[in-house]
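Below, each chain spelled out in residue letters.
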Amino acid sequence: MSREVQVTFEVNGEPVSRRVEARQHLIDFLRLELGLTGSHTGCEHGVCGACTVRVDGRIVRGCLVLAASLEGTKVETIEGLSDANEIRDLQDAFIARNACQCGYCTPGMLLTAAALLDSKPQPTRAEIREYLAGNYCRCTGYHAIVDAVEATAAARARRHKQD
Amino acid sequence: MNEIIDPGSVDRPNSYIGKSVPRPNAAKLVEGRGQYVDDVLLPRLLHVAFVRSPHAHAKIGNLDASAASRLPGVRRLFTGSELAQHCEPWVAVLAHLKGMKSAPQLPLPLERATWVGEAVAAVVADSRAVAEDAAAKVAVAYEPLPAAVDMETALDPASVVIHPLLGDNLCFERLNETGKVEEAFAAAHRVVEATFHSGRHTGATLEPRSILADYNRASGKLTVYHSTQAPHMMQGVFAKHLRLAEGDVRVICTDVGGSYGIKVHVYPDEVAVAVIAKIMGRPIKFIADRLESFLSDIHARDHRIKGRMAVDAQGHITAIDIDDLTGIGPYSVYPRTSAVEGNQVVNLVGGPYAFANFRAKTTVVFQNKTPTCQYRAVGHPIATAVTEGLVDLAAGALDLDPVEFRRRNLMKDGSYPRTSPAGMKFEGLSHEQSLDTLVAMMDYPALRAEQSRLRAQGVHRGIGFASFIELTNPSPFMYGVGGARISAQDGCTVRVDPDGSVLAATGVTEQGQGTEAIIRQIVAEAVGVPIDWVRVLTGDTLTTPYGGGTWACRGAGIGGEAALQAGLAVKQAVLRVAAAMLQGKPDALDMSDGQIVDAVSRQPRMPLAELARIVYFRGDTLPPDLPRELMQTRHFITKQYPFAFTNGVQASWLEVDIETGMIRLIKHWCVEDCGRIINPLLVDEQVRGGIVQGLGGALYEHCLYSETGQLLNASMADYLVPMAAEMPDIEVGHVETPTKESLLGAKGAGEAGTAGAPAAVMNAINDALKPFGAKVFAQPFTPERILAALGKAKPR
Amino acid sequence: MKAAPFEYLRATTLAEVFQLWREAGPEARLLAGGQSLMPALAFRLSEPNVLIDISRVADLTGISVENGALRIGALTTHAELGAHALVREHAPLLGEAAALIAHPAIRNRGTLGGSLAYADPAAELPACCLALGATIVARSATAERRIAADAFFVGLYATALEANELIAAVEFPRRRAGERSTILELARRSGDYAMAGIVARATVAGQALADPRLVLFGVGEVPVLARAAMAALAGRPADAANIAAAQAALAQELEPPGDLNGGADMKRHLAQVLLARAIQRLIGVEEARAQ
């Protein structure tokens, strides 16, 4: 039995096949193997949310997922979402509202906010705060982030009405 | 002397100062395309993990690395003695903090570990994971020693003296006294007193401390990628202690994932990394993990303060007397020292108020706990909590509304310049106008009515206020006069490129607050070009003017002023060339939107790019002796005031569940006067972020130690930082009292939020608990403490 | 905080799990959602030689109703618990509890089986299982064993599972007519482990509670069935006097260990407060809340 595992899965739409150390979590895999440094670790024990990425369409703590366990799955990171323009409006709202200061929590925060808006397109401020309650930000104090998510939801609703 | 920038003409082209322009560097960050130190990879990179002491105090005996060294991928192991041969020790004292003492410190200790988490050995390996595997296999023979972990007994003769050569555990003490304090208390109409506690807590930056040092033996150059606030300072530190010329040391700040003061200090483990790089001649990376962050990032704010206030029958403060005790670590932290926090407490207590008799004492004692040092708002939250807590007690004793009491005692607007009883010099503050603005913003009478109505239904809400002062734009009086090589001046180089692009290289740095944005705004306006023609370079000692970095809220006021003056100098140089080219006079011309224009008619005369083309490629067509320096550097230092003090006032509206002790923060307000505002959006967000950091210390954050000096809650699950669901919306307002020390008139704003928030919350809780006669003065105000104050549950 | 090295094996059937487990030896650990195991590995509190990934074993998934009893596969995530129509219909308490667990990203991976096997005394699902009288269906290589919830949680992070057993599913008996349930907890921040929590279940008739079942969590080494408090309430109107009597009885039967949030006295007090609030919720009296 070896401490390495051959694993094949998809990252941001591209197939990836690697021999990984069994103990390597998904974030270290993304950063060290694929150079996708947009996903960050802040605690490596699943509490701070900086590592939030998507696996098979659902947000997860990347630091609590072994790369070895991802055979056949689809992983999406902030780089993939950005290249696909999937959350351009949310990102623009973060810039406009200054909801991104040092930027370290931002990829995880955006992945989580995107998941919120997918599951609940018109959340109240309290619902936004509750959904983001597992993403630590030390810079903003959260108010601007809530504003940016709320503004994005409202703009989407307006666009939806127009369509 | 603020005529050059006219706030009234906000609609003219390039009037960016005062506008909420979005940050240019946010675009890459929201796409995950920033570059933090851990994102930097160099060829032949190796990784460090440290063996850290599990004891608060222990002799370091034999170190057996045999099992560790056998692991594949392990390259070297270093102990204190090997690193000591390549590194000068340091002692963190400041000459102007008289009597201050501390023991010399090396990257790794030689004989004793003096706090849990102190690095005692370093493992270098191919990966961080292997380095950790090896570190876990290093067997150290420790001989545990008694530890000094109670600051109240640190100076007792029976206490363990951590550094016998120092004689005792006293780092620093100071008495700051003026007037006739005892007489004032004897003659007082009422005296109120309380003992306040501030809980030791820490910064918990989301990006941990990060350093990548690379030494090139061939060139003799050390290059350090460092998540730091002060790259030039670190350049000097590495040069001095590694015995290199400063010219052979380059420190580069890439993106910094938050620092708030945590990353402006010299950490022994980071110096160890640089020394290891020098020994091994290849890139060495160390990224602290979260456990290490809790154990070895600086902590702060561990204080017990006995305070009392005397008031007369008219509700005027006549005297304030405080006795502050603070427990730091076993070493004062280099180079800023761990005595400054206590020193600021004695300088800042009573700050907003007019009174004559003042006494403040601080005693700073060594402990076998994580070292402490400056963390956002250094000393201000403590001084403000004590002052504002006593103010509310006095108001209560006199049955005066807390706003009314403050109105009777705040220094009057227009009464400046003046000096506080603590000796702080104020150029111009706006306490009264700020308070008026706040009271209107929050609709204070409506909140009081709401509070009454709800009290009748058994729902207990409270309103708490905190007036505060905050020091910004420090002069050399803060550190330089004490012998520290910390720069209070700063510089900016502005350069026009042939196509009209403008580069501004600045010595102040970016950690997310928006330094690059405001420098860009200032330079664009000063030169007279569209804002997206300007690019800002920060955080590289090789390519920026010598500066101090960002700390104590100096980026806008000092760095911004240097940028303004450099930009204006470039404009003057451009107009001089233009005048020659257009056969006119420089003062008949101006710059606007990237064009040289007629000063009066505003008619465009020539594009900047055309002028630059001539200067750079067709200088032969210009008069031979014509000066044509399209690159200008200016440095700025404050002149008259040791600090540019700012002022503000905050209010908290909250609800206390008196059955559970849980607090619900409903809303928070802050009116802040930071002088000329460069970018309202960025300033407001600094205030908000600072407030939430203060709320963290007030309600959640506490480094909890056992009786043997073990940190009990070193994880993100157990050390509680504020998260989105519990934080309130925060409304921010402003008054602007510019400083006359500079053209720009900007003071600093980054720490104001943190300074006032704990006091506002404390006063709001005590206001809510008024019907029960219960009061809390020990932060964090946990449910356990509130239940104990209410007599509902005994604390441990 | 990198985990110590281990080997990783993946099973796709139950039989494969037991085979790999037998080969790997007693130091091996099973990996389901990983939300508790992975942090333990990161802190090196646990250094297994082998991790056997059971997260793709179909036999451990699925939610169904048989004879009115709800059977929930051990690999059901908290997110699935919160969303599934059968859970909403037959055991809405579980969905209510799932919403209190941590945060969405954790709920997408954390499993019912994982939560019960980890047996954190401050966790919601173990308390719910005890309150609902659930049966834990355990499987070994050779046999199935059905363990009542009130025999399952035996000590701090300790369950009645044998060394070679895993949780396959949890069964919840059919709900009685007129039965109500609620879960209340006090946590410092949303998603944190509870300082104290209560699961309350009873058949409500007017202001009286028939057959109340009260389980406290976060106030002992295991979830605590508050028998004395239940006896003080059973068949009696839930008025102020009886609630007070139940609170007094609760204080006697609880011996909470202190933790970072507070000491025994505080925990006892919070448990009493939660008791009153849970009862009031069950009988439909919402606590007075201001706007």
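Small disclaimer: the values here were computed from a predicted structure and weren't measured. (Residues numbered from 1 in each chain as written. Chains lettered and ligands numbered in written order. Predicted model: local features only at pLDDT ≥ 70, side-chain atom pairs only at ≥ 80, totals over all residues. Heavy atoms only, no water.)

Chemist: Explanation requested: the overall build of chain A in the structure shown.
Modeler: Scanning chain A from terminus to terminus reveals 6 helices and 5 strands. Counting helices and strands in the order they occur from the N terminus, chain A gives β-β-α-β-β-β-α-α-α-α-α. Taken over C-alpha atoms, the radius of gyration comes to 16 Å for chain A, in line with the 15 Å a tight globule of 163 residues would show. Burial analysis of chain A (163 residues in total) assigns 65% to the buried set. Split by element, the accessible area of chain A, about 5,600 Å² in all, is 48% carbon and sulfur. Side-chain charges in chain A split into 19 positive and 21 negative, and the spacing between the mean points of these groups amounts to 5 Å. (Helix = DSSP H or I, 4+ residues; strand = E, 2+ residues; numbered from the N terminus. Rg over C-alpha atoms; globule rule 2.2 N^0.38 Å. Buried < 20%, exposed > 50% of the residue type's maximum accessible area, 1.4 Å probe, protein only. Areas by Shrake-Rupley, 256 points an atom, 1.4 Å probe, with all protein chains shown as cover. Lys, Arg positive; Asp, Glu negative; His and termini not counted. Charge placed at Lys NZ, Arg CZ, Asp CG, Glu CD.)

Chemist: How should I be thinking about the overall build of chain B in this particular structure?
Modeler: Counting secondary structure elements, chain B contains 19 helices and 30 strands. The C-alpha radius of gyration computed for chain B amounts to 28 Å, which stays within 12% of the reference 28 Å derived for 796 residues, consistent with globular compactness. Seen through its C-alpha atoms, chain B measures out along the principal axes to roughly 85 × 75 × 45 Å. Counting over 796 residues, chain B shows a buried share of 67%. Of all intrachain contacts in chain B linking residues separated by at least 6 positions in sequence, the fraction that spans at least 24 positions is 79%. Summed over all atoms, the accessible surface of chain B reaches about 25,600 Å², with 52% contributed by carbon and sulfur. Distance between charge centres in chain B, computed from 77 positive and 87 negative side chains, equals 3 Å. (Contact = heavy atoms within 4.5 Å.)

Chemist: What should I look at first to understand the state of the cysteines in this one?
Modeler: Put plainly, a disulfide is one covalent bond tying together the sulfur atoms of two cysteines. Evaluated as defined, the whole model comprises 0 disulfides over all chains. There is no disulfide at Cys137 of chain A, and the cysteine sulfur nearest it, in Cys105 of chain A, is 3.9 Å away. (Disulfide = S-S within 2.5 Å.)

Chemist: Looking at this structure, I do not really get the packing of helix α4 (residues 106-119) of chain A against helix α6 (residues 143-162) of chain A. What am I missing?
Modeler: Helix packing for two helices is described by the angle between their axes and how far apart those axes are. Residue and element names in this part refer to chain A. Between α4 and α6, whose axes approach to 11 Å, the crossing angle comes to 40°. Between α4 and α6, the interaxial angle falls into the category oblique. In the crossing of α4 with α6, the sense of the turn from one axis to the other is right-handed. Here α4 contributes Met109, Ala113, Leu116 and Leu117 to the contact with α6, which in turn contributes Ile145, Val149, Thr152, Ala153 and Arg156. For the contact of α4 with α6, the residue count by class is 7 nonpolar, 1 polar and 1 charged. (Axes fitted to C-alpha atoms, helices over the stretch in contact; angles between N-to-C directions. Parallel < 35°, antiparallel > 145°, perpendicular 65-115°, else oblique. Left-handed = near helix turned anticlockwise from the far one by under 90°. Nonpolar A, V, L, I, M, F, W, Y, C, P; charged D, E, K, R; others polar.)

Chemist: What's the story with the interface of chain C and chain B in this structure? I'm lost.
Modeler: In many reports, interface size means the accessible area that the parts give up when they come together. With 28 residues of chain C in contact, the opposing surface of chain B contributes 40 residues. Summed over both partners, the interface of chain C with chain B buries about 2,700 Å², with 56% contributed by carbon and sulfur atoms. Taken as a group, Arg188, Arg189 and Leu260 of chain C account for 28% of the area that chain C buries against chain B, more than any other trio of residues on that side. Our count for the contact surface shared by chain C and chain B stands at 5 salt bridges. Between the two partners, chain C and chain B, sit 13 residue pairs in polar contact (both at pLDDT 80 or more). (Buried area = accessible area lost by both parts, 1.4 Å probe. Salt bridge = Lys/Arg side-chain N within 4 Å of Asp/Glu carboxyl O. Polar contact = N/O pair within 3.5 Å; in protein donor to acceptor, adjacent residues only side chain to side chain.)

Chemist: Can you walk me through the sheet that holds strand β13 (residues 284-287) of chain B in this structure?
Modeler: Paired through their backbone hydrogen bonds, the strands of a sheet run either parallel or antiparallel. Residues and elements named next belong to chain B. Taken in spatial order, the 7 strands line up as β3-β5-β1-β13-β10-β11-β12 in an open sheet, and their pairing is mixed. The two strands at the open ends of the sheet, each matched to only one other strand, are β3 (74-79) and β12 (249-252). Averaged over all neighbouring strand pairs, the angle between strand axes comes to 20°, with direction disregarded. When strand β1 (residues 46-52) meets β13, the two strands line up parallel, connected through 2 bridges. Among the inter-strand pairings, Leu46 is bridged to a residue of β13, identified as Ile284. The sheet strands contacting helix α7 (residues 268-280) are β1, β3, β5 (119-125), β10 (210-216), β11 (221-226) and β13, and the helix crosses β10 at an angle near 25°. (Pairing = 2+ DSSP bridges.)

Chemist: Explain the interface of chain B and chain A here, please?
Modeler: Listed by partner, the interface residues are 52 residues for chain B and 48 residues for chain A. Interface of chain B and chain A: buried area, both sides summed, is about 4,000 Å²; carbon and sulfur atoms make up 55% of it. Here chain B and chain A share 9 salt bridges between them. Between Arg138 of chain A and Glu701 of chain B there is a salt bridge; the shortest N-O distance is 2.7 Å. Only α1 (26-30), α4 (128-137), α17 (680-699) and β30 (729-734) of chain B provide two or more residues apiece to the side of chain B that touches chain A. The greatest single-element share of the side of chain B that touches chain A, amounting to 8 residues, is contributed by α17 of chain B. Broken down by class, the residue content of the side of chain B that touches chain A amounts to 27 nonpolar, 12 polar and 13 charged.

Chemist: What am I meant to see in the domain arrangement of chain A here?
Modeler: Residue and element names in this part refer to chain A. On domain assignment, one finds that chain A holds domain 1 (4-81) and domain 2 (87-162). Placing a centre on the C-alpha atoms of domain 1 and another on those of domain 2 gives a separation of 23 Å. Each partner contributes to the interface: domain 1 provides 15 residues, whereas domain 2 provides 15 residues. Buried area between domain 1 and domain 2, both sides added, is near 1,200 Å², and the carbon and sulfur share of it is 63%. It is Ile59, Ile78 and Leu81 that lose the most area in domain 1 upon contact with domain 2, and together they represent 40% of the buried surface on that side. Connecting domain 1 to domain 2 are 5 residue pairs in polar contact (both at pLDDT 80 or more). The set of elements that each furnish at least two residues to the side of domain 1 that touches domain 2 consists of β3 (52-55), β4 (58-61) and α2 (78-83). (Domains from an automatic or database assignment.)

Chemist: I would appreciate a short explanation of helix α14 (residues 515-527) of chain B in the present structure.
Modeler: Residue and element names in this part refer to chain B. The end-to-end C-alpha distance of α14 is 18 Å, a good match for the 18 Å that 13 residues give at a rise of 1.5 Å each. Within α14, 13 of the 13 residues are buried, which leaves the element mostly enclosed by the surrounding structure. Trailing α14 by a residue or two, Gly528 shows a phi angle of about 100°, which is positive. (Expected span 1.5 Å × (residues − 1).)

Chemist: I tried to follow unusual backbone geometry on my own but got confused; where do I start?
Modeler: What is expected of a backbone is that most residues other than glycine have negative phi and most peptide bonds are trans. Residues and elements named next belong to chain B. Cis geometry is adopted by the peptide bond preceding Pro335, which originates at Tyr334 and carries an omega value of -10°. With omega at 5°, the peptide bond leading from Tyr416 into Pro417 counts as cis. By the secondary structure assignment, Pro417 is in the loop between α11 (402-409) and β18 (418-419). Although it is not a glycine, Ala552 sits at a positive phi angle of roughly 45°. You can call Ala552 buried: its relative accessible area is 12%.

Chemist: Hey, could you run me through the nonpolar core in this one?
Modeler: Counting residues in hydrophobic clusters, the biggest one holds 222 residues, and the most contacted among them are Phe94 and Val149 of chain A together with Leu222, Met309, Phe405 and Ile765 of chain B. Ranked by the residues each element gives to this core, the list is headed by helix α18 (residues 752-768) of chain B, at 10 residues. Both domains that meet at this core, namely domain 1 (4-81) and domain 2 (87-162) of chain A, each give it at least three residues. Leu222 of chain B has contacts with Ala213, Asp214, Tyr215, Phe238, Leu242, Leu244, Asp248, Val249, Arg250 and Ala274 of chain B, leaving out every residue within four places of it along the chain. Core analysis: the next-biggest nonpolar cluster, separate from the first, contains 108 residues, Ile72, Leu184, Leu209 and Ala271 of chain C among them. (Core = buried A, V, L, I, M, F, W, Y, C linked by side-chain atoms within 4.5 Å.)

Chemist: Which parts of the structure should I look at to understand the side chain of Gln101 of chain A?
Modeler: Relative to the assigned elements, Gln101 of chain A resides in the loop between α3 (88-97) and α4. In this structure Gln101 of chain A comes out as buried when scored by relative accessible area, which is 3%. A polar contact of 3.5 Å, which involves the side chain of Gln101 of chain A, links it to the backbone oxygen of Glu685 of chain B. A distance of 3.0 Å separates polar atoms of two side chains, one belonging to Gln101 of chain A and the other to Gln686 of chain B. Excluding anything up to four places from it in sequence, Gln101 of chain A contacts Cys139 and Thr140 of chain A together with Arg23, Leu29, Gly512, Gln513, Glu685 and Gln686 of chain B.

Chemist: Sorry, what's going on with the pairing of β5 of chain B here?
Modeler: Successive residues of a regular strand alternate their side chains across the two faces of the sheet. All names here are of chain B. Counting buried residues in β5 gives 7 out of 7 residues, a clear majority hidden from the surface. In terms of strand pairing, β1 meets β5 through 6 bridges, oriented antiparallel. Counted as the bridge partner of Val51 is Ala121 from β5. Pairing of β3 with β5, which is carried by 5 bridges, proceeds in the antiparallel orientation. From the neighbouring strand, Arg76 faces β5, where its bridge partner is Val124.

Chemist: Which parts of the structure should I look at to understand the packing of aromatic side chains?
Modeler: When we look at a pair of aromatic rings, we describe it by the centre distance and by the angle of the planes. Residues and elements named next belong to chain B. In this structure the tally under the stated criterion is 14 aromatic pairs over all chains. Relative to Phe777, the ring of Phe196 has its centre 5.2 Å away and its plane inclined at 70°; by these criteria the two rings are edge-to-face. Of this pair, Phe196 sits in strand β8 (residues 190-198) while Phe777 is found in the loop between α18 and α19 (783-789), placing the two residues 581 residues apart along the sequence. Taking the relative accessible area as the measure of exposure, Phe777 reaches 18% and is therefore buried. If you follow Arg308 out to its NZ or CZ, it ends over the ring of Phe185, 3.8 Å from the centre. (Phe/Tyr/Trp six-rings, centres within 6.5 Å; stacked < 30°, edge-to-face > 60°. Lys NZ or Arg CZ within 6 Å of the ring centre and 35° of its normal.)

Chemist: I keep staring at the sheet that holds strand β27 (residues 631-636) of chain B and nothing clicks. Help me out?
Modeler: Residue and element names in this part refer to chain B. Taking strand neighbours across the sheet as the criterion, the 4 strands line up as β23-β22-β21-β27 in an open arrangement whose pairing is mixed. If you trace the sheet from one side to the other, it starts and ends with β23 (534-537) and β27, each paired once. With strand direction ignored, the average angle separating the axes of adjacent strands in the sheet is 20°. The sheet strands contacting helix α15 (residues 555-582) are β21 (490-496) and β27, and the helix crosses β27 at an angle near 150°.

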